[in-house]
Amino acid sequence: MRRSLLFFIYRYLIPYGGLLLVKALSATYRIRLYDPENEQTVLDRHQSLVYASWHQRFFPGITFFSSRKPIAIMISQSRDGEMVARVVDILGWRSVRGSSTRGGVAALRQLKDLARAGYKIGHIVDGPKGPFGYVKPGLLRIAQVAGKPVVPTITSAQKKWVFNSWDRFMVPKPFSRVIIRFGDAIDVPAELEGDAFERKRVSIEQRLKELYEDTDRMWADPDKIAGIFSKWATKRSGHIPQS
């Protein structure tokens, strides 16, 4: 009886209850896209891509990127990963189970097939437990196997809660303005290995850091923010406000 109750809580109550809370909070956000042409150009040319984000900032994307279906994401085969996969499945994403330590080769093959079928791929570059901001080799391996460009995907909130976690995880406060920015596409050649692979990894890591810092600085420029959140900018981005 106790095991059945725990299974129900872990399998249904926590995922559905948590997702309901996430959706309710996310529905209040005023989201605008910045540089959306960087995403669209890649999709027009390749029909798919690899979104690359920090773990610290992925909260606004939980519901937003459901609008990018079909989309897949690699999730570890751990017990915690099971709950995350459940949430992802409820959202309509495709969860692919595997990591560098367990099931990674099979997961990469599955992502390759999904990318060829038109699935976009979401990837948390420093998850699940850091180090913060460190781009792990898995991002590059996914891009190589899938044969798709990496598009840095930046989220920044004007008002947020910051948690005392390993990466200072951020959750935008209710009714906060949120910018989702797409960086220039980054190609990762399939033959890249050794020192060249490491240089590419470091360059992507640095580019993500620069984009996050630059986007965060926008909140200090009232004129720029007014332009981003104007009705014209909303129409141009093709995004319908959530509030």
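Criteria and thresholds
- Here the residue numbering is sequential within each chain, running from 1 through the sequence in written order.
- For this predicted model, a pLDDT threshold of at least 70 governs which residues receive local features, and a threshold of 80 or more governs which side-chain atom pairs are given and counted, while totals over whole chains, interfaces and linings are taken from all residues.
- Neither water nor hydrogens contribute to the side-chain values; these are computed over all heavy atoms in the structure.
- In summary, the pairing rule links any two rings of Phe, Tyr or Trp, Trp by its six-membered ring, whose centres are within 6.5 Å, and it sorts them by plane angle into stacked for under 30 degrees, edge-to-face for over 60 and tilted for everything else.
- Here a strand is any run of E in DSSP of at least two residues, a helix any run of H or I of at least four, and the numbering for each starts at the N terminus.
- Exposed residues in this analysis have more than 50% of their type's maximum accessible area, buried residues have under 20%, and partly exposed residues fall in between, with area computed by a 1.4 Å probe over protein chains only.
- Salt bridge, as used here, is a side-chain nitrogen of Lys or Arg placed within 4 Å of a carboxyl oxygen of Asp or Glu.
- In this scheme, strands are said to pair when DSSP sees at least two bridges between them.
- Under this scheme, a helix contributes an axis fitted over its contacting stretch, all axes are lines through C-alpha atoms, and angles between N-to-C directions fall in the 0 to 180 degree range.
- Residue contacts are counted whenever heavy atoms from the two residues lie within 4.5 Å of one another.

## A few points about the packing of aromatic side chains
Thinking step 1. Considering all chains together, one arrives at 7 aromatic pairs under this definition.
Thinking step 2. Consider the rings of Tyr51 and Phe182, whose centres lie 6.2 Å apart with planes at 45°: the pair is tilted. Of this pair, Tyr51 sits in strand 2 (residues 50-53) while Phe182 sits in strand 9 (residues 177-182), placing them 131 residues apart in sequence.
Thinking step 3. The exposure class assigned to Tyr51 is buried, which follows from its relative accessible area of 3%.
Thinking step 4. Residue Phe182 is classed as buried on the basis of its relative accessible area of 0%.
Thinking step 5. Ring geometry for Trp54 and Tyr212: centres 3.9 Å apart, planes at 15°, overall stacked.

## So, the pattern of salt bridges
Thinking step 1. In this structure the tally under the stated criterion is 10 salt bridges.
Thinking step 2. Across the pair Glu210 and Arg207 runs a salt bridge, and its minimum N-O distance is 3.4 Å. Taken together, the residues Glu210 and Arg207, both in helix 7 (residues 194-217) and 3 residues apart, mark about one turn of the helix.
Thinking step 3. The residue Asp214 makes a salt bridge to Arg217 at a minimum N-O spacing of 3.6 Å. In this pair, Asp214 and Arg217 both sit in helix 7, 3 residues apart, roughly one turn of the helix.
Thinking step 4. A relative accessible area of 30% places Asp214 in the partly exposed class.
Thinking step 5. Overall, Arg217 belongs to the exposed group, its relative accessible area being 53%.
Thinking step 6. When salt bridges with common partners are traced through the structure, they connect Asp35, Arg181, Asp214 and Arg217 into a single cluster.

## Structural notes on the sheet that holds strand 5 (residues 120-124)
Pairing between the strands of a sheet is mediated by backbone hydrogen bonds and can be parallel or antiparallel.
Thinking step 1. The strand order 1-9-6-2-5-3-4 describes an open sheet built from 7 strands, whose pairing is mixed. Whereas interior strands pair on both sides, the edge strands pair on one side only; in this sheet they are strand 1 (30-34) and strand 4 (94-97). The mean angle between the axes of side-by-side strands here comes to 25°, regardless of whether they run parallel or antiparallel.
Thinking step 2. With 3 bridges joining them, strand 2 and strand 6 (residues 150-157) adopt parallel strand pairing. Within strand 6, the position partnered with Ala52 by the bridge is Pro152.
Thinking step 3. Across the sheet, helix 6 (residues 137-146) touches strand 2, strand 3 (71-75), strand 5 and strand 6, and the angle it forms with strand 5 is around 165°.

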